[in-house]
Amino acid sequence: MKLFELVDSAGRLLKVEGFSFPELPNEVSAIELTFEQVKCLIRVVEDTDEIEICSKIEINDLIKSNSVIFFSEFIGKELLWAWSLVNNQGYADGLKFQFQNSEVALELIVEASSIKQFAVKMV
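Everything numeric in this text was worked out from a predicted model, so none of it was measured.

1. Here's the deal with the nonpolar core
Among the nonpolar cores identified, the biggest contains 33 residues, and Ile 42, Phe 71 and Phe 97 are the most heavily contacted of them. Within the residue set of this core, elements represented by two or more residues are α1 (3-9), β1 (13-20), β2 (30-35), β3 (39-45), β4 (50-54), β6 (79-86), β7 (92-99) and β8 (104-111). If sequence neighbours within four positions are ignored, Phe 97 has contacts with Leu 3, Leu 6, Ile 42, Phe 71, Leu 79, Trp 81, Ala 82, Trp 83, Ala 105, Leu 106 and Leu 108.

2. Topic: the pattern of salt bridges
Between side chains of opposite charge, a pair can form when the charged atoms approach closely. This model, assessed by the stated rule, comprises seven salt bridges. As a salt-bridge pair, Lys 15 and Glu 17 come within 3.6 Å of each other at their nearest N and O atoms. Judged by its relative accessible area of 43%, Lys 15 is partly exposed. Three or more residues are tied together by salt bridges with common partners; here these are Lys 15, Glu 17 and Lys 64.

3. Re the sheet that holds strand β9 (residues 114-121)
Spatially, β6-β7-β8-β9 is the arrangement adopted by the four strands of the open sheet, whose pairing is antiparallel. Edge positions in the open sheet fall to β6 and β9, since each of these has one partner strand only. Neighbouring strand axes in the sheet, compared pairwise and without regard to direction, differ in orientation by 20 degrees on average. The sheet contact formed by β6 and β7 spans seven bridges and is antiparallel.

4. Looking at the confidence of the model for the chain
For the chain, mean pLDDT is 93; residues scoring 70 or higher make up 100% of the total. Element-level pLDDT for the chain is lowest in α1, with a mean of 91, against a maximum mean of 97 in β7.

5. Things to note about a nonpolar patch on the surface
The grouping of Leu 80, Trp 81 and Trp 83 at the surface amounts to a nonpolar patch, some 320 Å² of accessible area in total. Examined against the element boundaries, Trp 81 turns out to sit in strand β6.

6. Some words on the environment of Glu 23
Position of Glu 23 relative to the elements: it lies in the loop between β1 and β2. The class of Glu 23 is exposed, set by a relative accessible area of 55%. Taking the C-alpha atoms as reference, Glu 23 lies 9.7 Å from Ile 63; in sequence the two are 40 residues apart.

7. Focus on the pairing of β8
Note that β7 and β8 share five bridges and pair antiparallel. Note that in β8 the partner of Phe 97 across the bridge is Leu 106. Hairpin remark: β7 followed by β8, antiparallel, with four residues in the connecting loop; positive phi at Asn 101, about 55 degrees. Between the antiparallel neighbours β8 and β9 lie two residues, among them Ala 112 with a positive phi of about 55 degrees.

8. Concerning the pairing of β7
Successive side chains on a regular strand alternate, one facing one side of the sheet and the next facing the other. Taking burial as the measure, the eight residues of β7 include seven buried ones, the bulk of the element. Following β6, the chain reverses through five residues before pairing antiparallel with β7; Gly 90 in that reversal takes a positive phi of roughly 90 degrees.

9. Points about unusual backbone geometry
Phi at Asp 49 takes a positive value of approximately 55 degrees, unusual for a residue other than glycine. Position of Asp 49 relative to the elements: it lies in the loop between β3 and β4. The residue Ser 113 is not glycine, and still its phi comes out positive at about 60 degrees. Mapping Ser 113 onto the fold places it in the loop between β8 and β9.

What counts and how
- Residues numbered from 1 in each chain as written.
- Predicted model: local features only at pLDDT ≥ 70, side-chain atom pairs only at ≥ 80, totals over all residues.
- Heavy atoms only, no water.
- Core = buried A, V, L, I, M, F, W, Y, C linked by side-chain atoms within 4.5 Å.
- Buried < 20%, exposed > 50% of the residue type's maximum accessible area, 1.4 Å probe, protein only.
- Helix = DSSP H or I, 4+ residues; strand = E, 2+ residues; numbered from the N terminus.
- Contact = heavy atoms within 4.5 Å.
- Salt bridge = Lys/Arg side-chain N within 4 Å of Asp/Glu carboxyl O.
- Pairing = 2+ DSSP bridges.
- Axes fitted to C-alpha atoms, helices over the stretch in contact; angles between N-to-C directions.
- pLDDT = per-residue confidence, 0-100.
- Patch = residues over 30% accessible without salt bridge, like charges linked within 9 Å, V, L, I, M, F, W, Y side chains within 5 Å.
- Areas by Shrake-Rupley, 256 points an atom, 1.4 Å probe, with all protein chains shown as cover.

Okay, structure coming up:
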């Protein structure tokens, strides 16, 4: 799934769930987002520690995570902007999202096979 497709057609965010690899139960390795029109999965690509967003939801090897998922504070809001982040070595290891009526953007960065979440104040 391309980020522009998500921004253009998703609608309001309705539900968020986090998932972990069984061997890393306290880390987030995938986030399932349910919007009005679209459902997608943001996940760690284990072989390269990159981040991927896909429309086909497959979480067979994952367990539900008890970790806090920052997307929850954007439930009921529409996605306005989304960015793909590429590091200096050319790996696509991050995504950034901004929702309507929010001064905070959410950055997801893959580090050591888990998704780290950062709130970024938009000035």
